Amino acid sequence: MADVAGKQRVVILGGGAGGLELAVGLARRHDLDVTLVDRVSTHLWKPRLHEFAAGTVNSSLAEMSFYTLAGMHGFRFEQGDVETIDRGARSVRLAEMRDPSGHFVTTARSLAFDACVVALGGMTATFNTEGVAEHAIRLDEKSDAEEFRDLFIAMMIHARESREPAHVVIVGSGATGTELAAHLRLSERAFAHEPGSDEMRPLLKLTILEAAPQLMPGADEGLRKSVSDRLEQLGIVVRTNAAVDLVGETDIRIRTGEVFPADVTVWAAGLTGNPRLKHLADFAIDNKGRIVVDDRLRSTIDKGIYVIGDAASFTPAGAEAPLPPTAQCASQQADYLVSALPELLAGGTAKPFVYNDRGRLLSLGGAGSVGLVGFMRKNDFLVEGRFATAAYHGLQRRHQWSVLGPLRGSVAILADMISPTSGPAMKLHG
C-alpha cells in the first residue's frame, strides 16, 4: 500500500538522536513519504541535557527547529502527542492539541503509514521510591533542565548572600549524575568570587548517592577510577551502597537510616522505557518498559512497526542483556534502518542489525573529559585530557553533520564556534 503519489509512507514517532537522523536519511530517497512526529518543536542533543541544567552549554547548535529541518531536507513534521497505533488501520493517532494556556488548537489527527518507527525514547526510572515524583527533578526533557537551572541560580544567589552553602544531592552515578555534578561545580564559579578579590568562597555542597557497591556500576575499572579521582578533586562527595528509600522536601533518607540535607534533589538513577510505550499497541514489553524487537529492529507482533533507541529492547545473539540506552546506539540503529527499511518495504530480507560499541565518553566540566574509545575493533583504551574532550564534542559534531549535511553542518559548526554569543548559557547575576 502507498499514497496517491505512489510513495511508501514512513511515520517516525520521536525526534531524538535516532529519530531525527532516520528522518533526514530516509528523506533523501525519492520513493518515500517521510513524516516525523514530536511533542515539541525543537530537537535537543540529549547527551548534553546536564549542561543545559548546569548552564554550561556553549553551542547554539545544541537545539534545532524541527520545522526548519523538515523544510531543509524534505520530510514532513507533525507536532503533537502520540496516543495510539492502530495496527489494523495502519495509522497513528495524535491527541487533541492545546497551547500552553490551555486554548484549543486542533482536534485529534490520524497519520497513515506503510511503516512506522517508534523512537519515543526513555525516562528516568523512579523504582517506586517514595517522594521522587513530589520532591525530585528528573532530567528527561529541556523543561526539566530549565526548571533545575532556575532553582540553581536562586540557590547560588541565596548562598552568596546568606553565606550558607546550598546542598544538591544527585541520586545515581551514571553519566548524567557524574557529569551534572562536575558541571555544577564549574557553574558555581560564576557566583563564588568575593567582590574586589580573586578568592572564591564555597557556595555549593555536592553529593552523589549510588545504590550499587561501586561508582558507575557496569563501567570499566579504569574509567571508574579516573572519574572517581576527578570527582574527588572537585570536592564532590560520593556515597556508594546508599539506596534511597525516601526523598523529602529538604532531605533524603537512605536505607541505613542516614539522612542527607538537600535543597534540591536530582534523580538520575537509570532509564526505563517511556510510559507511553505500554499504551501504543499490544507490543511485547520487557522488564524495563521497552518494546522487544528482532534483529531487524521490528516489533515481535508487527513486522511493519520498527523500534529504535531507548524505546527498543534488542538483545544481540549470545548477549545476556539488551543493548544500552545511549545516543550512540540510537544513531547506529538509525543508520541501519536508512538502508534496511526501504529494502524490507520492497519485500527483501535485509541483513541483521549489528551494534559496534565505540566506547564511552564523559564531560566533567572543569575536570576535563575522560572515556573509553574503541579503536580498530580492538580493546577500548582510556583517553583523557584534550583528546577526550575532542572525542566527546566529536560525537555531537557527527550528529550535526548527519542532520545538517556535510556542507551546511561544517559552515554552521564553524559559525557557532566563532560566534561572539558562544559561551556558557548561565545568566550571571552580579
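Described in the following lines is the structure provided in the data block. (Residues numbered from 1 in each chain as written. Predicted model: local features only at pLDDT ≥ 70, side-chain atom pairs only at ≥ 80, totals over all residues. Heavy atoms only, no water.)

A look at the overall build of the protein chain
Argument step 1. For the protein chain, the count of helices and strands is 11 helices and 27 strands.
Argument step 2. Classification of the 430 residues of the protein chain by burial places 50% in the buried group.
Argument step 3. Contacts spanning at least 24 positions in sequence make up 63% of the contacts within the protein chain whose residues lie at least 6 apart.
Argument step 4. For the protein chain, the exposed area adds up to about 20200 Å²; of that, 53% sits on carbon and sulfur atoms. (Helix = DSSP H or I, 4+ residues; strand = E, 2+ residues; numbered from the N terminus. Buried < 20%, exposed > 50% of the residue type's maximum accessible area, 1.4 Å probe, protein only. Contact = heavy atoms within 4.5 Å. Areas by Shrake-Rupley, 256 points an atom, 1.4 Å probe, with all protein chains shown as cover.)

What to know about the packing of helix α1 (residues 17-27) against helix α9 (residues 327-345)
Argument step 1. Taken N-terminus to C-terminus, the directions of α1 and α9 make an angle of 25°; their axes are 8 Å apart at the nearest point. As judged from the angle between their axes, α1 and α9 are roughly parallel. Relative to α9, the crossing made by α1 is right-handed. Of the residues in α9, those touching α1 at Ala-17, Gly-18, Glu-21, Leu-22, Gly-25 and Leu-26 are Ala-327, Ala-330, Ser-331, Ala-334, Asp-335, Leu-337, Val-338 and Pro-342.
Argument step 2. By residue class, the composition of the contact of α1 with α9 is 9 nonpolar, 3 polar and 2 charged. (Axes fitted to C-alpha atoms, helices over the stretch in contact; angles between N-to-C directions. Parallel < 35°, antiparallel > 145°, perpendicular 65-115°, else oblique. Left-handed = near helix turned anticlockwise from the far one by under 90°. Nonpolar A, V, L, I, M, F, W, Y, C, P; charged D, E, K, R; others polar.)

Digging into the pairing of strand β17 (residues 244-247)
Argument step 1. As defined by bridge partners, β17 adjoins strand β18 (residues 251-254) across 3 bridges and the pair is classed as antiparallel. Note that in β18 the partner of Val-244 across the bridge is Ile-254.
Argument step 2. Count of turn residues in the β17/β18 antiparallel hairpin: 3 residues. (Pairing = 2+ DSSP bridges.)

Things to note about the nonpolar core
Argument step 1. Residues Leu-13, Phe-75, Ile-85 and Val-118 are the most contacted members of the largest nonpolar core, which totals 58 residues.
Argument step 2. The biggest single contributor to this core is α9, with 7 residues.
Argument step 3. In this view, Val-118 contacts Leu-13, Ile-85, Leu-277, Leu-280, Ile-291, Ile-305, Tyr-306, Val-307, Ile-308 and Ala-311; residues no more than four positions away in its chain are not counted.
Argument step 4. With 38 residues, the next largest nonpolar core counts Leu-44, Val-168, Ile-208 and Met-216 among its residues. (Core = buried A, V, L, I, M, F, W, Y, C linked by side-chain atoms within 4.5 Å.)

So, the side chain of Arg-109
Argument step 1. Along the chain, Arg-109 falls in strand β10 (residues 109-112).
Argument step 2. In this structure the side chain of Arg-109 is engaged in a polar contact, spanning 2.8 Å, whose partner is the side chain of Glu-78.
Argument step 3. A polar contact of 2.8 Å, which involves the side chain of Arg-109, links it to the backbone oxygen of Gln-79.
Argument step 4. Discounting residues that sit within four places of it in the chain, Arg-109 has contacts with Glu-78, Gln-79, Gly-80, Val-92, Arg-93, Leu-94, Ala-95 and Met-97. (Polar contact = N/O pair within 3.5 Å; in protein donor to acceptor, adjacent residues only side chain to side chain.)

Structural notes on the pattern of salt bridges
Argument step 1. Within this structure, the stated rule accounts for 23 salt bridges.
Argument step 2. For the salt bridge of Glu-83 with Arg-93, the shortest nitrogen-to-oxygen distance reads 2.8 Å. You can see Glu-83 sitting in strand β6 (residues 82-86) and its partner Arg-93 sitting in strand β7 (residues 91-94), a full 10 residues away along the chain.
Argument step 3. Asp-294 serves as the salt-bridge partner of Lys-303, at 3.3 Å between the closest nitrogen and oxygen.
Argument step 4. A relative accessible area of 16% places Asp-294 in the buried class.
Argument step 5. When salt bridges with common partners are traced through the structure, they connect Arg-39, Asp-81, Glu-141 and Arg-276 into a single cluster. (Salt bridge = Lys/Arg side-chain N within 4 Å of Asp/Glu carboxyl O.)

Focus: the sheet that holds strand β1 (residues 8-13)
Argument step 1. One open sheet holds the 5 strands; their spatial order is β5-β2-β1-β11-β23, and the pairing between them is parallel. The sheet is open, and its two edges are formed by β5 (76-79) and β23 (305-307), each paired on a single side. Looking at each pair of strands side by side, their axes are set apart by 20° on average, direction ignored.
Argument step 2. As judged from the 3 bridges shared by strand β11 (residues 115-118) and β23, these two strands associate in the parallel manner. From the neighbouring strand, Val-118 faces β23, where its bridge partner is Val-307.
Argument step 3. Against the sheet, α1 engages β1, β2 (32-38) and β11, with an angle of about 160° to β2.
Argument step 4. Relative to the sheet, helix α3 (residues 66-73) contacts β2 and β5, its axis offset from that of β5 by approximately 160°.

Overview of the sheet that holds β6
Argument step 1. In space, the 3 strands of this open sheet follow the order β6-β7-β10, with antiparallel pairing throughout. Here the strands that pair on one side only, and so sit at the sheet edges, are β6 and β10. The sheet shows a mean angle of 20° between the axes of neighbouring strands, taken without regard to direction.

A word on the environment of Leu-215
Argument step 1. Along the chain, the position of Leu-215 falls in the loop between β15 (204-209) and α7 (221-233).
Argument step 2. Between the C-alpha atom of Leu-215 and that of Gly-174, which follows or precedes it by 41 residues, the distance is 7.8 Å.
Argument step 3. Ignoring sequence-local partners within four residues, the contact set of Leu-215 consists of Ser-173, Thr-178, Arg-224, Val-227, Ser-228, Leu-231, Val-238 and Thr-240.

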